[in-house]
Amino acid sequence: MTSDQSSPFTTGLAGPAPELSVSRDLVKRGLLVAPLFCLISGVIWGLDGAFSCAFAMGLVLLNFLMAAALMAYTAPISLALMMGASLFGYLVRLGLIFLAVMLVKDFSWVSLQALGCTIIVTHLGLLFWELKYISASLAFPGLKPGKQK
Amino acid sequence: MEALARLAAAAADPAEAKNIAAAGSAGFAYGLAAIGPGIGIGIIFGNAIEAMARQPEAAGMVRTTMFLGIAFTEALALIGFVVFILLKYA
């Protein structure tokens, strides 16, 4: 590397963090559909299913927020730190989800089937929902929703 | 040595042997499920850095797409985790 090239260890990304707004959107939509998911889960697995569904949704939304916060915090510092935080953050977040589920798995109100299904369905469902809006605003920036005056 | 002795004792009992095999398989599946997304996130991030270096003005768009890509890749690990939980404890 020549001296006029900037190093990834010192180069950061200035400007607003889009991850935070994406994760805020995901959480907003997640909270919007949470009662419906809990209801469906309650119908299928009973009251335990509804509680487990709420717990799983909390885990998924917290996971999104943590991922975004980690990237937004490290991006202005350096790209290398951002990459490290993304990779190790993935492992740490996976470990935290594992720990959270291990801690509650023996409680009487936990239905593991409801918990597992909700984690997968919520994670993928929210991402596909968000992707629809992101794709539209990337392809047609003029249609990007702004603040109402 | 104690673990080996327990394994040998369990081998005599088919139900216990089945439980041990299920636990081992579930752990193995979870481990395998976590490797793929790790590689995937590395590839996504590497390409995103390259894209931002080539076109710094598109960094916001690239970061948004990268974040969603990473989240989709993580879903694979979560599926592996759920399969592990259901195989082992349900």
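Let me sum up the structure you'll find in this document. Along each chain, the written sequence defines residue order, and numbers are assigned to residues from 1. Following the order in which they are written, the chains are lettered starting with A and the ligands numbered starting with 1. Local features in a predicted model are, by the rule used here, given only for residues with pLDDT of at least 70; side-chain atom pairs are given and counted only at 80 or more, and totals for whole chains, interfaces and linings are based on all residues. Calculated side-chain values reflect all of the structure's heavy atoms, with hydrogen atoms and water omitted.

### Overview of the overall build of chain B
Next up, step 1: Secondary structure counts use DSSP, requiring at least four H or I residues in a row for a helix and at least two E residues in a row for a strand, with both numbered from the N terminus. Counting secondary structure elements, chain B contains three helices and zero strands.
Next up, step 2: Tracing chain B from N to C terminus, the helices and strands come up as α-α-α.
Next up, step 3: For chain B, with 90 residues in total, the buried portion stands at 33%.
Next up, step 4: In what follows, residue pairs with any heavy atoms lying within 4.5 Å of each other are defined as contacts. When contacts within chain B are restricted to residue pairs at least 6 apart in sequence, long-range pairs at least 24 apart make up 64% of them.
Next up, step 5: For chain B, the accessible area works out to roughly 5000 Å², and carbon and sulfur atoms hold 69% of it. Residue exposure (1.4 Å probe, protein chains only): buried if accessible area is under 20% of the type maximum, exposed if over 50%, otherwise partly exposed. Here the open area of atoms and residues is found with the Shrake-Rupley method and a 1.4 Å probe, where only the protein chains shown may cover a residue.

### Considerations on helix α3 (residues 79-104) of chain A
Structurally, the α-helix is built with 3.6 residues per turn, so residues lying three or four positions apart point the same way.
All names here are of chain A.
Next up, step 1: To estimate how far a helix should reach, multiply one less than its number of residues by 1.5 Å. End to end, α3 covers 37 Å across 26 residues, agreeing with the expected 38 Å (1.5 Å per residue, within 8%).
Next up, step 2: The sharpest bend along α3 reaches about 30° and sits at Gly 89.
Next up, step 3: Listed in full, the buried residues belonging to α3 are Leu 79, Met 82, Ala 85, Ser 86, Gly 89, Tyr 90, Arg 93, Leu 94, Ile 97, Ala 100, Val 101 and Val 104.
Next up, step 4: As used in this structure description, the phrase polar contact means that two N or O atoms lie within 3.5 Å; if the pair is within protein, one of them must be able to donate a hydrogen and the other to accept it, and residues adjacent in sequence are counted only when both atoms belong to side chains. Put simply, Ser 78 is the residue that caps the front of α3, since its side-chain oxygen is 3.4 Å from the backbone nitrogen of Ala 80. The quantity called bend is, for any residue, the angle between two axes fitted respectively to the seven residues ending at it and the seven beginning at it.

### With respect to the interface of chain B and chain A
Next up, step 1: Opposite the 34 residues of chain B that make contact, chain A presents 41 residues.
Next up, step 2: Of the roughly 3300 Å² buried where chain B meets chain A, counting both sides, 84% is carbon and sulfur surface.
Next up, step 3: Only one rule defines a salt bridge in this text: a Lys or Arg side-chain nitrogen within 4 Å of an Asp or Glu carboxyl oxygen. Linking chain B to chain A there are two salt bridges.
Next up, step 4: Measuring nitrogen to oxygen at the nearest pair gives 2.7 Å for the salt bridge that ties A:Arg93 to B:Glu74.
Next up, step 5: Remark: the boundary between chain B and chain A carries four residue pairs in polar contact (both at pLDDT 80 or more).
Next up, step 6: Those elements giving two or more residues to the side of chain B that touches chain A turn out to be α2 (14-54) and α3 (59-89) of chain B.
Next up, step 7: For the side of chain B that touches chain A, the element with the most residues is α3(B), which contributes 23 residues. Put simply, buried area is how much 1.4 Å-probe accessible surface two parts lose in total, over both of them, once they are put together.

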